[in-house]
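Now for the letters of each chain:
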Amino acid sequence: MKNKLYEHVLNIQGVKHPITNYDGLTRARDYILAQLDNLCDEVNCEEFTIDGFDKPFYNIDARIGTDEHGPVLLLGSHYDTVYNSPGANDNGSAVAALLCLAEIFAKHRGKVNLRLLFFSLEEGNPVFDDILINTSQTMGVKDSKGFYTTLAYQNDSRLFQEAFANARKKAVSFGEKFKTAYESVKEQISPQMRRFYEVCLSECIKYKDPMGYGERALNGSSRWVERHRDELTECLGIINFDPVAYASSRPHSHPMPPEMMSGVETFNIDMEKESGNFIVAIGSPGSNLLSQSYLHGAKKVELPYAFVNAPFNYEETAYAAPYLLLSDHAAFWKQGIPALFLTDTGGEMRYFFEHTPADTIDKLDFDFFEKVVLSAEFAISQLFGLER
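Described in the following lines is the structure provided in the data block.

The rules behind the values
Residues numbered from 1 in each chain as written. Predicted model: local features only at pLDDT ≥ 70, side-chain atom pairs only at ≥ 80, totals over all residues. Heavy atoms only, no water. Helix = DSSP H or I, 4+ residues; strand = E, 2+ residues; numbered from the N terminus. Rg over C-alpha atoms; globule rule 2.2 N^0.38 Å. Buried < 20%, exposed > 50% of the residue type's maximum accessible area, 1.4 Å probe, protein only. Contact = heavy atoms within 4.5 Å. Areas by Shrake-Rupley, 256 points an atom, 1.4 Å probe, with all protein chains shown as cover. Lys, Arg positive; Asp, Glu negative; His and termini not counted. Charge placed at Lys NZ, Arg CZ, Asp CG, Glu CD. Pairing = 2+ DSSP bridges. Right-handed = clockwise from strand over helix to strand, strands pointing away. Axes fitted to C-alpha atoms, helices over the stretch in contact; angles between N-to-C directions. Core = buried A, V, L, I, M, F, W, Y, C linked by side-chain atoms within 4.5 Å. Parallel < 35°, antiparallel > 145°, perpendicular 65-115°, else oblique. Left-handed = near helix turned anticlockwise from the far one by under 90°. Nonpolar A, V, L, I, M, F, W, Y, C, P; charged D, E, K, R; others polar.

Let us look at the overall build of the chain. Counting secondary structure elements, the chain contains 14 helices and 9 strands. For the chain, whose C-alpha radius of gyration is 20 Å, the value lies close to the compact-globule estimate of 21 Å for 388 residues. Each of the 388 residues in the chain was classed as buried or not, and the buried ones make up 58%. Long-range contacts, defined here as pairs at least 24 residues apart, represent 76% of the contacts in the chain between residues at least 6 apart. Carbon and sulfur atoms make up 48% of the accessible area of the chain, which amounts to about 16,300 Å² in all. For the chain, the distance from the average site of its 37 positive side-chain charges to the average site of its 54 negative ones is 3 Å.

Written as structure tokens, this is what we have:
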């Protein structure tokens, strides 16, 4: 399996962004469709649009099996990237994982009911991204590589980011959070950065979700759930991958402060060494069947894990622990659909190449990655009563 995972990541890596490389999105979509050909009973490429942007986007919805074989299990990943990153890990690793799982379970078409979902526009909104990329350059705030053109502008940005982090506890919607943060720092930042943030605010004040999801980000998955919600009343839930292929055995490569690890179930993790050699699994309310199936598989293949069994609904989690909602599973969590999120925690704790040009295939650990996928294979097999 490792060789196949490597092949898929190698072929899928590359910038895939609506502003800086729309053609990259098209190539990735076509690669996924070509790989799914002859593996699935049905493959749909579903178009959606973003108001104010003139090009379409596509989610891929591939089915193996039918409802005759029990409630459907969803497997999810996104295939877009941020504006400057090849995204080998984020999220080429997840795309590769789903493609390998499709190949495995295509041999069991008469015994499973799977939908493999590949979402576009998880990372952003092309209208807002155009402001961040092109308008910022036109105003002289950033250069063509995305760096602030003066130290003062960079310091202004850091001040705003700190204010935005604090604003999440004081405002309901993403737009109001942005406005609250801006109002708190506007007298402390340079006139040009004030003008830039006012342009940003004119767009994002429209974003009503507390995380900006379905607006600022998670556009593909939010639209898929909205379109198919009535079909998911008997759904087992979704296992979402993002990203899942980086591990490090280096001591203290994944800090684990006691306050963060309180209530976290762990397996084969050396808490003193703090090595980032484990997968993080986050389960929404009602996802116990998915979670326990995956964790059982992880133990089978000796994959270390940290498991968070989240007790809150979407809105409560958005305010109390927004870091649990940092991918497409949040669109399902919001609708009360059981969700299990698998991640190596990306740039939050461990993989500091995330969202940079350095997110390339040579950084990935394919022994670790293979165990992540094998654990999912065990889980799926168990859920559908297959021998493994």
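Let us now look at the pairing of strand β4 (residues 113-119). Of all the 7 residues making up β4, 7 are buried; the element is thus mostly covered by neighbouring parts of the structure. Alternating residues of β4 divide into Asn113, Arg115, Leu117 and Phe119 and Leu114, Leu116 and Phe118, and every residue in both groups is buried. Of the pairings in the sheet, the one linking strand β2 (residues 57-65) to β4 comprises 6 bridges and is antiparallel in character. Across the sheet, residue Ala62 finds its bridge partner in β4, namely Leu116. By the bridge criterion, 6 bridges tie strand β3 (residues 73-78) to β4 in an arrangement that is parallel. Note on β4: the bridge partner recorded for Leu75 is Leu116. Each parallel crossover has a hand, and the one from β3 via helix α3 (residues 88-105) to β4 is right-handed.

Our next topic: the sheet that holds strand β6 (residues 265-267). The strands making up a sheet associate through hydrogen bonds between their backbones, and the pairing can be parallel or antiparallel. Spatial ordering of the open sheet is given by β1-β2-β4-β3-β5-β9-β7-β8-β6, a layout of 9 strands whose pairing is mixed. Looking at the sheet topology across the chains shown, the edges are occupied by β1 (42-48) and β6. Strand-to-strand, the axes of this sheet are offset by a mean angle of 15 degrees, without reference to chain direction. Examined bridge by bridge, strand β7 (residues 279-283) and strand β8 (residues 305-309) share 5 bridges and lie parallel to one another. If you follow Val280 over to β8, its bridge partner there is Ala306. Its contacts with the sheet place helix α8 (residues 219-228) against β1, β2, β3 and β4, and it is angled at close to 110 degrees to β1. Most of the contacts of helix α14 (residues 366-383) go to β3, to which it runs at about 155 degrees, and overall it touches β3, β4, β5 (237-241) and β7.

Within the largest apolar cluster, 77 residues are counted, with the highest numbers of intra-cluster contacts made by Leu73, Phe118, Phe241, Tyr294 and Phe369. Looking at this core element by element, the count peaks at 12 residues for α3. Every residue in contact with Phe369, bar those within four places of it in the chain, is listed here: Leu5, Val9, Ser93, Ala96, Ala97, Val244 and Ala245.

A separate point is the side chain of Arg63. Mapped onto the elements, Arg63 comes out in strand β2. What makes Arg63 buried here is its relative accessible area of 16%. With sequence-adjacent residues up to four places away left out, Arg63 is seen in contact with Cys40, Asp41, Glu42, Val72, Asn113, Leu114 and Arg115.

Now for the packing of helix α5 (residues 151-167) against helix α7 (residues 191-204). One way to put it is that α5 packs onto α7 with a least axis distance of 10 Å and a crossing angle of 50 degrees. By the angle between their directions, the pair α5 and α7 is classed as oblique. Where α5 crosses over α7, the handedness of that crossing is right-handed. Across the interface between the two elements, Tyr153, Asp156, Ser157 and Phe160 from α5 touch Gln192, Met193 and Tyr197 from α7. Looking at the contact of α5 with α7 residue by residue, the classes come out as 4 nonpolar, 2 polar and 1 charged.

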